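One-letter residues, chain by chain:
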Amino acid sequence: MRIVLLGAPGAGKGTQCKRLLAAYTLVHLSSGDILRQERSEGSDLGKKAQGYMDSGGLVPDELIVEMMVKAIEDLATDGFVLDGFPRTVNQGAELDAALAASGKALDVVLNLEVRDDVIYDRMSGRRSCPKCGAVYHLISLKPQVEGICDHDGEGLIQRRDDQLEVVEKRMETYHQQTKPVVEYYQNSAVRVFDVQANGDAETVHAEIREILARMSDSQTV
Ligand code: AMP
């Protein structure tokens, strides 16, 4: 199955992707995670991306498209879920062209819909492990020991791009550049489903499973 998961920053895309991996044979490709990895390795791409990421803007399309198309081509399996990409209409069109050239097409686009006030609450309380990338929340997803990652004992941090002024910029970028991607897919041959994602992760996951099951039943996937 080839899935694109759309939604604002903080909509829960990463969390839902991880749950999908437990249920389906898929590889999770997160453009944000790949960029953070490039940065921690100090690669050329990481250095180029740094300023855009820290300010809440988007990394230029040509860098992102090349990076993600290569990541898809390098996959050993056929199934993937894309998280954080495409984020502009142009990225969507470039992705379509690359997939068409390799004879693959997307099966479904899932659009996580979350109110802006819920996003702000989620993101202001988000804490991350700088070592393994695990994500926690001050209220809804606490680590076993306050401020410490459960997996590797590293001290948790608030990512620069989860700080309020950057979140505001990221939301502006989302409304201006990424929301039109939903419309782009609605006007394409790919099926698009809106998923109400204001609630807890389990409920959202159940709704996604139901959508994918209905698609399988109708032999679309
Ligand atoms: P994320 O973790 O997905 O919110 O991504 C973190 C940051 O990486 C974003 O705020 C952007 O600066 C950059 N980024 C991630 N994916 C993309 C993309 N598809 N296009 C442009 N910039 C991206």
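In this text, all values refer to a predicted model and were calculated from it rather than measured experimentally.

Cut-offs applied
Residues numbered from 1 in each chain as written. Predicted model: local features only at pLDDT ≥ 70, side-chain atom pairs only at ≥ 80, totals over all residues. Heavy atoms only, no water. Disulfide = S-S within 2.5 Å. Buried < 20%, exposed > 50% of the residue type's maximum accessible area, 1.4 Å probe, protein only. Near = heavy atom within 4 Å. Polar contact = N/O pair within 3.5 Å; in protein donor to acceptor, adjacent residues only side chain to side chain. Areas by Shrake-Rupley, 256 points an atom, 1.4 Å probe, with all protein chains shown as cover. Helix = DSSP H or I, 4+ residues; strand = E, 2+ residues; numbered from the N terminus. Nonpolar A, V, L, I, M, F, W, Y, C, P; charged D, E, K, R; others polar. Contact = heavy atoms within 4.5 Å.

**Student:** How should the state of the cysteines be read in this particular structure?
**Tutor:** Here, the word disulfide means a covalent bond between the sulfur atoms of two cysteines. Going through the model one piece at a time under the given rule, you end up with 0 disulfides. No disulfide involves Cys-132; its sulfur sits 3.7 Å from that of Cys-129, the nearest cysteine. Unpaired in terms of disulfides, Cys-149 finds its nearest cysteine sulfur in Cys-129, a separation of 3.8 Å. With relative accessibility at 3%, the residue Cys-149 sits in the buried group.

**Student:** What is the right way to read the site of the ligand from this model?
**Tutor:** The ligand sits among 17 residues. The nearest are Ser-31, Gly-57, Gly-84, Gln-91 and Arg-170. For the ligand, a nitrogen atom lies 2.9 Å from a polar atom in the side chain of Gln-91. Protein chains shield 95% of the accessible area of the ligand, which is 480 Å² for the free molecule. Elements with a contribution of two residues or more to the shell around the ligand: α2 (31–41) and α3 (44–55). Of the residues assigned to the shell around the ligand, the class counts are 7 nonpolar, 5 polar and 5 charged.

**Student:** When you look at the side chain of Asn-111 in this model, what are you seeing that I'm missing?
**Tutor:** Take Asn-111: it is sitting in strand β4 (residues 108–113). Side chain to side chain, Asn-111 and Asp-194 meet in a polar contact 2.9 Å long. When neighbours within four sequence positions are excluded, Asn-111 is seen to be in contact with Leu-6, Gly-7, Val-182, Phe-193, Asp-194 and Val-195.

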